[in-house]
Every structure is written in C-alpha cells, then in structure tokens.
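Examination of the molecular architecture
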Amino acid sequence: MRSSPYREAGIPYAVQRSTRARYARIEVDADGVRVIVPERMPLREVAPFVAGKQRWIERTLRRYRQAEVEAPLVQLVDGGSVPYLGEGLTLRVRVEPGRVRPHVARRGGELRVAVGSSGQAAVRDALERWYRRQAREEVADRLDDATARAGTEYASLSIRGQRTRWASCSNRGGMSFNWRLLLAPAEILDYVVEHEVAHLEVLGHSRRFWALVGRRCPEYRRHERWLRRYGSTLRL
C-alpha cells in the first residue's frame, strides 16, 4: 500500500493494488481514504478518479467525524470507561510489574483490569481478549434463542475482529460475528443475530430475505441506519 496526496482537496489517501479488483473503488472509514485499484491500472489515472468522487468523499468523512463526536467516549485509563451493550463500564486499571497474563473481571458496573505494563496498548489488548470471550457467550445465547424460534440450526460459531464486516453466515451454517458488536447497544447485536439467522433460510439479500427479517425484527431499518452511522466508532 502506497500513500499519495489527494490533490484537489488536500485529503491524503492510500493506494492499494489488488489482484481481485476488476475496477477501481474508494473505501472511506474513520481511518481515512483508500483507493483500491486493479493490478494493471496506471497510477496516473488514480488522481482524476479520486477527484471525480470528491464530494462523496468529503460528505462521508464529515459523517464519520460527526459520529465520532456523538459516540460514547472510550478512555482506556484507570477511572475511564468503555461501552458494553449499551452500558458504560468504569475501568479500574492496576499495573502489576512482572505479570505475564493480563486479567479482566467485571464487578457490577466496573471492569477491573490487571496488566503487566503501563500504557493504553496493554489495557487495549487485555480488553480485546475479554470482549472476545464475552462475545462468544453473548452471541451464542442469542443464536440459540433465535434459531429455536425460527426452527433452524447453525453449524458453528466463530468470533472475529473484521474491519468492515459485522457478521456472516456460510452456506453450511457457519456463523461468524465481530466482537466489536459488544461495543454497540444490545438491540444492535440482537438485530445482527436475527439478520444472520435469517440467512440460514435465505442466503442472499432478496426481497424474500428482507421480508423475513422484517417479520422477526420490525425495527431492522433503524438498526441498519445506526450501524451505517456509528459502526466506525465501535473500537477501543
């Protein structure tokens, strides 16, 4: 990946060649702007292509910035806070020099974190491991309930940390969920679970699929809008 200046608006972007890309595309998220181009696309064509998308890029970046302002503040220090399914948990961080494995335990509205070294990186790593473990429990409970109501079954469950995907369902019933969903309100996780359970019956996003989702989760459009607006803020 190589960086180039976004000449017209002064917005930097990264250029990434892809063997899979058939056409150039632009990805914009909270981390910035990326231009994905086919292997044989001349680099001289990138700047004009980006310039043609200038208004959309600026509008999307503004939306991400506004979402950052509105999102709950994550503070990875003692006395700070992190979101958990709509709650705000207060961090109690203790540094224990020599500790090899970090330890995280929830006590009511507090999250007690013991790490071997100071700094937010150590706290972030410990918290991500804890969120991943919690995600398996939170998602499994919801999946079991949702599939029981639907009269379907799933084959497996994995917890991941994809950058742009919240969940997926394979044609063999394998379920994958992003642990960052625990940073969202509980109703968002509930919706994503129902969305994927619906895929056990209808794999594509056809009218039939959305009708099925609508029957099981009448507020799904509102939840989709929430994810589009605030999904980029779901990170530690």
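Residues numbered from 1 in each chain as written. Predicted model: local features only at pLDDT ≥ 70, side-chain atom pairs only at ≥ 80, totals over all residues. Heavy atoms only, no water.

Attention now goes to the packing of helix α3 (residues 120-150) against helix α4 (residues 186-199). The N-to-C vectors of α3 and α4 enclose an angle of 50 degrees; their axes lie 10 Å apart at closest approach. Accordingly, the angle class assigned to the pair α3 and α4 is oblique. Where α3 crosses over α4, the two elements pack in a sense that is right-handed. Packed against α3, whose contacting residues are Glu138, Val139, Arg142, Leu143, Ala146, Thr147, Arg149 and Ala150, the element α4 presents Ala186, Leu189, Asp190, Val193, Glu194 and Val197 at the interface. Across the contact of α3 with α4, the residue classes tally to eight nonpolar, one polar and five charged. (Axes fitted to C-alpha atoms, helices over the stretch in contact; angles between N-to-C directions. Helix = DSSP H or I, 4+ residues; strand = E, 2+ residues; numbered from the N terminus. Parallel < 35°, antiparallel > 145°, perpendicular 65-115°, else oblique. Left-handed = near helix turned anticlockwise from the far one by under 90°. Contact = heavy atoms within 4.5 Å. Nonpolar A, V, L, I, M, F, W, Y, C, P; charged D, E, K, R; others polar.)

Another aspect to go through is the pattern of salt bridges. As enumerated under the stated definition, the model contains 16 salt bridges in all. Linking Arg132 and Glu128 is a salt bridge whose minimum nitrogen-to-oxygen distance equals 3.2 Å. Separated by four residues within a single helix, Arg132 and Glu128 lie in helix α3, roughly one turn from each other. On the basis of relative accessible area, Glu128 is assigned to the partly exposed category, the value being 24%. With a shortest N-O distance of 2.4 Å, Glu194 and Arg149 are connected by a salt bridge. Separated by 45 residues along the polypeptide, Glu194 in helix α4 and Arg149 in helix α3 bring together distant segments of the chain. The exposure class assigned to Glu194 is buried, which follows from its relative accessible area of 11%. (Salt bridge = Lys/Arg side-chain N within 4 Å of Asp/Glu carboxyl O. Buried < 20%, exposed > 50% of the residue type's maximum accessible area, 1.4 Å probe, protein only.)

The α-helix advances 3.6 residues per turn, and as a result positions three or four apart in sequence lie on the same side. Tyr220, His223, Leu227 and Tyr230 are the residues of helix α6 (residues 220-230) that are buried. Within α6, the buried residues cover an arc of 115 degrees as seen down the axis, which keeps them to one side. Residues of α6 that are exposed and angled more than 90 degrees away from the buried face: Arg221 and Arg228. The inward-facing, buried residues of α6 abut α2 (54-70), α4 and α5 (207-216). (Arc of directions from axis to C-beta.)

Our next topic: the packing of α2 against α6. As a packed pair, α2 and α6 sit with axes 8 Å apart at the nearest point and diverge in direction by 100 degrees. As the angle between them shows, α2 and α6 are arranged roughly perpendicular. When α2 is examined against α6, the residues Arg63, Gln66, Ala67 and Glu70 are found in contact with a partner set consisting of Arg228, Arg229 and Tyr230.

A word on the pairing of strand β4 (residues 32-38). The buried fraction of β4 is high, at seven of seven residues. Sheet topology places strand β2 (residues 13-18) next to β4; six bridges connect them, and they run parallel. Bridge pairing links Val15 to Val35 in β4. Where strand β3 (residues 25-29) and β4 come together, five bridges link them in antiparallel fashion. Bridge pairing links Ile26 to Val35 in β4. (Pairing = 2+ DSSP bridges.)

Right, let's get into the side chain of Ser168. With respect to the secondary-structure elements, Ser168 resides in strand β10 (residues 167-169). Filtering out sequence-adjacent residues up to four positions away, Ser168 remains in contact with Gly174, Met175, Ser176 and Glu196.

A word on the sheet that holds strand β11 (residues 174-178). If you walk across this open sheet you meet the three strands as β9-β11-β10, and the pairing is mixed. Pairing within the sheet leaves two strands with one partner each, and these edge strands are β9 (156-160) and β10. Ignoring which end each strand starts from, the neighbouring axes of this sheet average 15 degrees apart. In this sheet, β11 lies alongside β9 in parallel orientation, the contact comprising five bridges.

A few words on a negative patch on the surface. On the surface, Glu137, Asp141, Asp144 and Asp145 cluster together into a negatively charged patch. Residue position: Asp144 is located in helix α3. On the basis of relative accessibility, which here comes to 40%, the residue Asp144 falls in the partly exposed class. (Patch = residues over 30% accessible without salt bridge, like charges linked within 9 Å, V, L, I, M, F, W, Y side chains within 5 Å. Areas by Shrake-Rupley, 256 points an atom, 1.4 Å probe, with all protein chains shown as cover. Lys, Arg positive; Asp, Glu negative; His and termini not counted. Charge placed at Lys NZ, Arg CZ, Asp CG, Glu CD.)

Worth remembering: the numbers are spatial, not functional.
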